[in-house]
Amino acid sequence: MRLRLYHHRDGARVAYRETGAGPAIALLHSLGLSHREWEPIVVALEGRFRVVLPDLPLHGDSEDRPRHPYTLDWMTEVIAGFCHEVLGPRPMIAGHDLGAELALRAAAGERIRPVRLVVTPNRLHRREEFAARRAAWRAACRLAAAPGLDRVMARSATLLFRPSIGERLSAQRNPAARDLIRHAFSDVGGNGNRARSWARFARRWPAGPQRELLDAYARLDFPILLLWADQDPAHPIAGAQEALDLLPQAQLRTLPGTGFLMAYDDPVSLGRELIAFCG
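Residues numbered from 1 in each chain as written. Predicted model: local features only at pLDDT ≥ 70, side-chain atom pairs only at ≥ 80, totals over all residues. Heavy atoms only, no water.

Caption draft 1: Geometry of the overall build of the protein chain. Summing up its helical and strand segments, the protein chain has twelve helices and eight strands in all. For the protein chain, whose C-alpha radius of gyration is 18 Å, the value lies close to the compact-globule estimate of 19 Å for 279 residues. For the protein chain, the C-alpha atoms occupy an extent of roughly 50 × 40 × 40 Å along the three principal directions. Counting the 279 residues in the protein chain, one finds 54% classified as buried. Total accessible area computed for the protein chain in this model is approximately 11700 Å², and 50% of it derives from carbon and sulfur atoms. Between the averaged position of the 38 positive side-chain charges in the protein chain and that of its 31 negative side-chain charges there is a distance of 4 Å. (Helix = DSSP H or I, 4+ residues; strand = E, 2+ residues; numbered from the N terminus. Rg over C-alpha atoms; globule rule 2.2 N^0.38 Å. Buried < 20%, exposed > 50% of the residue type's maximum accessible area, 1.4 Å probe, protein only. Areas by Shrake-Rupley, 256 points an atom, 1.4 Å probe, with all protein chains shown as cover. Lys, Arg positive; Asp, Glu negative; His and termini not counted. Charge placed at Lys NZ, Arg CZ, Asp CG, Glu CD.)

Caption draft 2: Summary view of the sheet that holds strand E5 (residues 92-95). The strand order across the open sheet built from eight strands is E1-E2-E4-E3-E5-E6-E7-E8, with neighbouring strands paired in mixed fashion. In the strand order of this sheet, the two ends are held by strand E1 (2-7) and strand E8 (250-255), each with one partner. Each adjacent strand pair in this sheet contributes to an overall mean axis angle of 20 degrees, direction not counted. In terms of strand pairing, strand E3 (residues 24-28) meets strand E4 (residues 50-54) through three bridges, oriented parallel. Residue Ile25 lies in a different strand from E4, and its bridge partner there is Val51. With respect to the sheet, helix H3 (residues 98-108) is in contact with E3, E5 and strand E6 (116-119), its orientation differing from that of E6 by roughly 145 degrees. (Pairing = 2+ DSSP bridges. Axes fitted to C-alpha atoms, helices over the stretch in contact; angles between N-to-C directions. Contact = heavy atoms within 4.5 Å.)

Caption draft 3: Quick look at the side chain of Arg194. Mapped onto the elements, Arg194 comes out in helix H8 (residues 192-204). In terms of polar contacts, Arg194 uses its side chain to reach the side chain of Asp64, at 3.1 Å. (Polar contact = N/O pair within 3.5 Å; in protein donor to acceptor, adjacent residues only side chain to side chain.)

Caption draft 4: Structural context of helix H10 (residues 237-244). When we look at burial in H10, the residues that qualify are Gly239, Ala240 and Ala243. Each buried residue of H10 sits inside an arc of 100 degrees when the element is viewed along its axis, so together they form one side. Where H10 is buried, its residues meet strand E7 (224-229) and E8. (Arc of directions from axis to C-beta.)

Caption draft 5: Molecular detail of the nonpolar core. Counting 49 residues, the largest nonpolar core has Val119 and Leu220 as the members making the most contacts within it. Ranked by the residues each element gives to this core, the list is headed by helix H2 (residues 72-87), at ten residues. Setting aside anything within four residues of it in sequence, one finds Val119 in contact with Gly95, Ala100, Leu104, Leu124, Ile224, Leu225, Leu226, Leu227 and Trp228. Counting residues in hydrophobic clusters, the runner-up holds 33 residues, among them Leu33, Leu53, Leu227 and Phe260. (Core = buried A, V, L, I, M, F, W, Y, C linked by side-chain atoms within 4.5 Å.)

Here it is, written out as structure tokens:
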């Protein structure tokens, strides 16, 4: 895959890989991971699409300097700009977790108008299922803003997020998920800049339910596939069922035997669903 860079108007960079030929589709990964989350399905897609795999800001090889605000609105703006320049005015997008949230918000704010949008498990308009854990994570990240603690917290992250976490995120306990975690945190240890930026992100990212999406759903009048895992306790299917009733052109499908890392649990079925919907 070819590595490229998109530079936003404020200087923020988005690193992305691309492969294949045909209509472009961007695959947006989840919080804390990288473009490699989608790698198991790339072979299935690249024969039909130009597959674009960005690292979101604060992740992988993309922007992590503390000079940027890392607010919800800023990250949405950067991803919308990326989609316009790299994919064109009517992109196809699939997103998971944080990636799905950014895509939904960009579309709800009319910053992008996807031809088709695939939304895989995320919190949607609901509260966090594990709110106490997320609150503890936010508190730990915010410590990196204190003078002298940035590098300490960066090193601590690599000790906390060990590769074995990857298998626990996979319903099938796929050992390949270990490499996903290892890659996601390979540049974190001792990176004070990234730690300070994560502190800013954790402080400003909305923690409560995103109720404003309930009003926005009706405006998303284009084909949307809600593609859900049936074994992801962080994102129960109830949220997708509630959204289905409010989205004008949505359909809901589930992949049996999949958890948070759907691409590692059943890449064949996930690739087939994307091709059937977007192809």
